[in-house]
Amino acid sequence: MIKVSGLEVTYVNKNTRVTALTGVGFTLEKGHTCAIIGPSGCGKSTLLYVLAGLLKHTRGEVNINGEPVRPKRRETALILQDYGLLPWKTALQNTALGLLIRGVPKKESLAAAEESMKELGIWEARDHYPAQLSGGQRQRVAIARSLTLKPDLFLMDEPFSSLDALTREGLQDTLLEFWKKKKSTMVLVTHNIEEAVFLGQKILIFSAGPGRILHTVRNYEMGDRDYRRQPLFYDRCSLVREIIERGRGNSAQ
Ligand SMILES: Nc1ncnc2c1ncn2[C@@H]1O[C@H](COP(=O)(O)OP(=O)(O)O)[C@@H](O)[C@H]1O
Ligand SMILES: [Mg+2]
């Protein structure tokens, strides 16, 4: 589904050039999940924007479903941290918005919104405005909106990082169940080690900027809510932590 090789991204502004990513290569099979973890500024968001076709890369190849990445691929959903909800629209209207702005008739848009809100357990909150929703509910509305577009690739940029621990776990569970049901391909950027191990079949650990992949941890035993309580889960978290710390040590030398 995703094939990246020799990827380099350099931002060029008036007098400055910042290389955000260099020599990045990985693959992700259809229906698999991958978590990306690394220090702030290592190019995680940059990578997602490239995969979403919103940012042009400087070097290398990026293929999605066997084709070079193209701008605004419709079947790609990008879910950001700040939800992107319109404050003057209700949860239901916000959920339907993605289809409405693509010209889908209102009745059809609302029906699809209802289905995905039910799927995410927020149908009860349909008439509330964003200000009346909790952070977790807002993120669920944002995810529900992207679901109405029937994406086959989910790109998520630290989607739960502003939520408290319990709400966060609830959303992780929802996402896991959803992934198991739909078998969609997911790339999740996070700086939370437990989240990466709970949701990523592959965990790509990035170095400090310019980001490159330090290590890939295989974590194909994930996939069950209970995983959080298993010894293997703790071992994996420790392993990821160790690699991150080692990476930090190297860049400090
Ligand atoms: N529009 C831009 N212009 C110049 N530099 C940028 C721009 N966006 C990001 N950067 C730089 O690129 C690097 C990677 O940024 P980013 O992808 O946001 O990292 P992360 O998401 O891992 O925190 C950082 O050094 C950041 O300052
Ligand atoms: Mg970022």
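Details of the structure are given in the entry above.
Residues numbered from 1 in each chain as written. Chains lettered and ligands numbered in written order. Predicted model: local features only at pLDDT ≥ 70, side-chain atom pairs only at ≥ 80, totals over all residues.

Which residues make up the overall build of the protein chain, and what values go with them?
Along the backbone of the protein chain there are seven helices and ten strands. On C-alpha atoms alone, the protein chain measures out to a radius of gyration of 18 Å, which is about the 18 Å that the 2.2 N^0.38 rule sets for 253 residues. Viewed in the frame of its principal axes, the protein chain has a C-alpha envelope of about 55 × 50 × 35 Å. Per-residue burial for the protein chain yields a buried fraction of 40% across its 253 residues. (Helix = DSSP H or I, 4+ residues; strand = E, 2+ residues; numbered from the N terminus. Rg over C-alpha atoms; globule rule 2.2 N^0.38 Å. Buried ≥ 20, exposed ≤ 12 C-beta atoms within 10 Å, placed from the backbone.)

Give me the sheet that holds strand E2 (residues 17–28): which residues, what numbers.
Strand order across the open sheet formed by four strands is E2-E1-E4-E5, with antiparallel pairing between neighbours. Looking at which strands have only one partner, the edges of the open sheet turn out to be E2 and strand E5 (67–68). Relative to E5, strand E4 (residues 59–64) runs antiparallel, the two sharing two bridges. Along E5, the bridge assignment pairs Asn63 with Pro68. In the packing of helix H1 (residues 44–51) onto the sheet, the strands contacted are strand E1 (2–12), E2 and E4, and the crossing angle to E2 comes to about 65°. (Pairing = 2+ DSSP bridges. Contact = placed C-beta atoms within 7 Å. Axes fitted to C-alpha atoms, helices over the stretch in contact; angles between N-to-C directions.)

Could you give an account of the site of ligand 1, naming the residues involved and the relevant values?
Every residue near ligand 1 is listed here: Tyr11, Asn13, Val18, Ala20, Ser40, Gly41, Cys42, Gly43, Lys44, Ser45, Thr46 and Gly209. Of all elements in the fold, only E2 and H1 reach the threshold of two or more residues within the shell around ligand 1. Classifying every residue of the shell around ligand 1 gives four nonpolar, seven polar and one charged. (Near = placed C-beta within 6 Å. Nonpolar A, V, L, I, M, F, W, Y, C, P; charged D, E, K, R; others polar.)

How would you sum up helix H5 (residues 165–182)? Please name residues and give values.
For H5, built from 18 residues, the straight-helix expectation of 26 Å at 1.5 Å per residue is met to within 8% by its first-to-last C-alpha distance of 26 Å. Among the residues making up H5, those that are buried are Arg168, Leu171, Gln172, Leu175 and Trp179. Across the axial projection of H5, the buried residues extend over an arc of 105°, all falling on one side. Of the residues in H5, the exposed ones pointing more than 90 degrees away from the buried face are Leu166, Glu177, Lys180 and Lys181. At its buried positions, H5 is contacted by strand E3 (33–37), helix H4 (135–147), strand E8 (185–189) and helix H6 (193–199). Positive phi shows up at Lys183, right after H5, with a value of about 55°. (Expected span 1.5 Å × (residues − 1). Arc of directions from axis to C-beta.)

Explain the environment of Thr190 to me, and be specific about the residues and the numbers.
Mapped onto the secondary structure, Thr190 falls in the loop between E8 and H6. Along the chain, Thr190 and Leu147 lie 43 residues apart, while their C-alpha atoms are 20 Å from each other. Those residues in contact with Thr190 that lie beyond four places of it in its chain are Ala35, Ile37, Glu158, Glu195 and Ala196.

Please provide a residue-by-residue account of the nonpolar core, values included.
In this structure, Ile36, Leu51, Leu155 and Val187 are the most contacted members of the largest nonpolar core, which totals 64 residues. By residue number, the principal contributor to this core is H4, which donates five residues. (Core = buried A, V, L, I, M, F, W, Y, C linked by C-beta atoms within 7 Å.)

I'd like a rundown of H1, residues and numbers included.
The element H1 is largely enclosed, with a buried count of six among its eight residues. All of the buried residues in H1 are Lys44, Thr46, Leu47, Leu48, Val50 and Leu51. The first or second residue beyond H1 is Gly53, which carries a positive phi of 80°.

Provide a residue-level description of the packing of helix H2 (residues 91–100) against helix H3 (residues 106–119), including the pertinent values.
In contact at an axis separation of 8 Å, H2 and H3 are set at 125° when each is read in the N-to-C sense. The angle between H2 and H3 falls in the class oblique. Viewed along their axes, H2 and H3 form a crossing whose handedness is right-handed. When H2 is examined against H3, the residues Leu92, Thr95, Ala96, Leu99 and Leu100 are found in contact with a partner set consisting of Lys106, Ser109, Leu110, Ala112, Ala113, Ser116 and Met117. (Parallel < 35°, antiparallel > 145°, perpendicular 65-115°, else oblique. Left-handed = near helix turned anticlockwise from the far one by under 90°.)

Any chance you could break down the pairing of E4 for me, citing the residues and the numbers?
Two elements, E1 and E4, share five bridges in a ladder whose sense is antiparallel. Within E4, the position partnered with Ile2 by the bridge is Ile64. With antiparallel pairing between neighbouring strands as the criterion, E4 and E5 make up a hairpin whose turn holds two residues, including Asn65 at a positive phi of roughly 55°.

Don't take any of this as a statement about function, it's just geometry.
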